[in-house]
Amino acid sequence: MDITHFDDFLAAARQQNEPQRLLFTFAVAELPGDANAAQKAAFERGEGGALVPAVCVDKALDELSTFAAFAQEAEQFSLDWVIVFAASLSGRNGTPPSAADAEEPIKRMVAMIKAGDVRSLLPFNRQGEPVQLG
């Protein structure tokens, strides 16, 4: 399945043989302390910066309906996120993963984002569109 929107990600998760738990890390853009003048100017225009994990959440698939509903719920966090990284965690033998099962994978997800190794994560912008990083 071609993922051209966050809602496609939800549809793909619903099509899996095993129940899924979805993992999300909201990232904000920050200007690194060692930024040069050009980088600072770009950042002030809303460009560049470093993606920093800010808030993590995991959701059972039945807790999500659409990106619009997800984004509205995210507004409760009151942060100016620029990217939400998504991943899924598969259940076993028809049993969905629990929130406790998601704790370590979310920690690994945050470590991957901090290290800039986001190849296995799906990044989406505030409109629910996938973005290319790198």
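Residues numbered from 1 in each chain as written. Predicted model: local features only at pLDDT ≥ 70, side-chain atom pairs only at ≥ 80, totals over all residues. Heavy atoms only, no water.

Enquirer: So what exactly am I meant to see when it comes to the overall build of the protein chain here?
Expert: Secondary structure assignment for the protein chain yields 4 helices and 4 strands. The linear arrangement of helices and strands in the protein chain, starting from the amino end, is α-β-α-β-α-β-α-β. In terms of overall size, the protein chain behaves like a compact globule, its C-alpha atoms giving a radius of gyration of 16 Å where 134 residues would be expected to give roughly 14 Å. The buried share of the protein chain, taken over its 134 residues, is 38%. In the protein chain, once contacts between residues fewer than 6 apart in sequence are set aside, the share between residues at least 24 apart is 75%. Approximately 7,900 Å² of the protein chain is accessible, and the part contributed by carbon and sulfur atoms is 47%. (Helix = DSSP H or I, 4+ residues; strand = E, 2+ residues; numbered from the N terminus. Rg over C-alpha atoms; globule rule 2.2 N^0.38 Å. Buried < 20%, exposed > 50% of the residue type's maximum accessible area, 1.4 Å probe, protein only. Contact = heavy atoms within 4.5 Å. Areas by Shrake-Rupley, 256 points an atom, 1.4 Å probe, with all protein chains shown as cover.)

Enquirer: Explain the sheet that holds strand S2 (residues 50-60) here, please?
Expert: Pairing between sheet strands relies on hydrogen bonds along the backbone, with the strands arranged either parallel or antiparallel. Spatial strand order, S2-S1-S3-S4: 4 strands in an open sheet with antiparallel pairing. Of all strands in the sheet, those bounded by a partner on one side alone are S2 and strand S4 (122-124). Geometrically, the sheet is characterised by an average inter-axis angle of 25° between neighbouring strands, direction not taken into account. Relative to S4, strand S3 (residues 83-90) is paired through 3 bridges, and the arrangement is antiparallel. (Pairing = 2+ DSSP bridges. Axes fitted to C-alpha atoms, helices over the stretch in contact; angles between N-to-C directions.)

Enquirer: Which parts of the structure should I look at to understand helix H3 (residues 67-74)?
Expert: Those residues of H3 not exposed but buried are Phe67, Phe70, Ala71 and Ala74. Here the buried residues of H3 occupy an arc of 95° about the axis, which is enough to place them on one side. Exposed residues lying more than 90 degrees from the buried face of H3 are Ala68 and Gln72. (Arc of directions from axis to C-beta.)

Enquirer: It is not clear to me how the packing of aromatic side chains should be interpreted in this structure. Could you clarify?
Expert: Aromatic rings in a pair are described by how distant their centres are and how their planes are angled relative to each other. Enumeration according to the criterion identifies 10 aromatic pairs in this entry. Summarising the aromatic geometry, the rings of Phe9 and Phe24 are spaced 6.4 Å apart at their centres and angled 80° between planes, so their arrangement reads as edge-to-face. Here Phe9, found in helix H1 (residues 6-14), pairs with Phe24, found in strand S1 (residues 20-30); they are 15 residues apart in sequence, far enough to count as distant. Residue classification places Phe9 among the buried positions, given a relative accessible area of 6%. With a relative accessible area of 0%, Phe24 lands in the buried category. (Phe/Tyr/Trp six-rings, centres within 6.5 Å; stacked < 30°, edge-to-face > 60°.)

Enquirer: I keep staring at the side chain of Gln20 and nothing clicks. Help me out?
Expert: Within the element layout of this structure, Gln20 appears in strand S1. Exposure remark for Gln20: the relative accessible area of 7% places this residue in the buried category. There is a polar contact of 2.9 Å between the side chain of Gln20 and the backbone oxygen of Glu18. Setting aside anything within four residues of it in sequence, one finds Gln20 in contact with Ala13, Leu61, Ser88, Leu89, Ser90 and Pro97. (Polar contact = N/O pair within 3.5 Å; in protein donor to acceptor, adjacent residues only side chain to side chain.)

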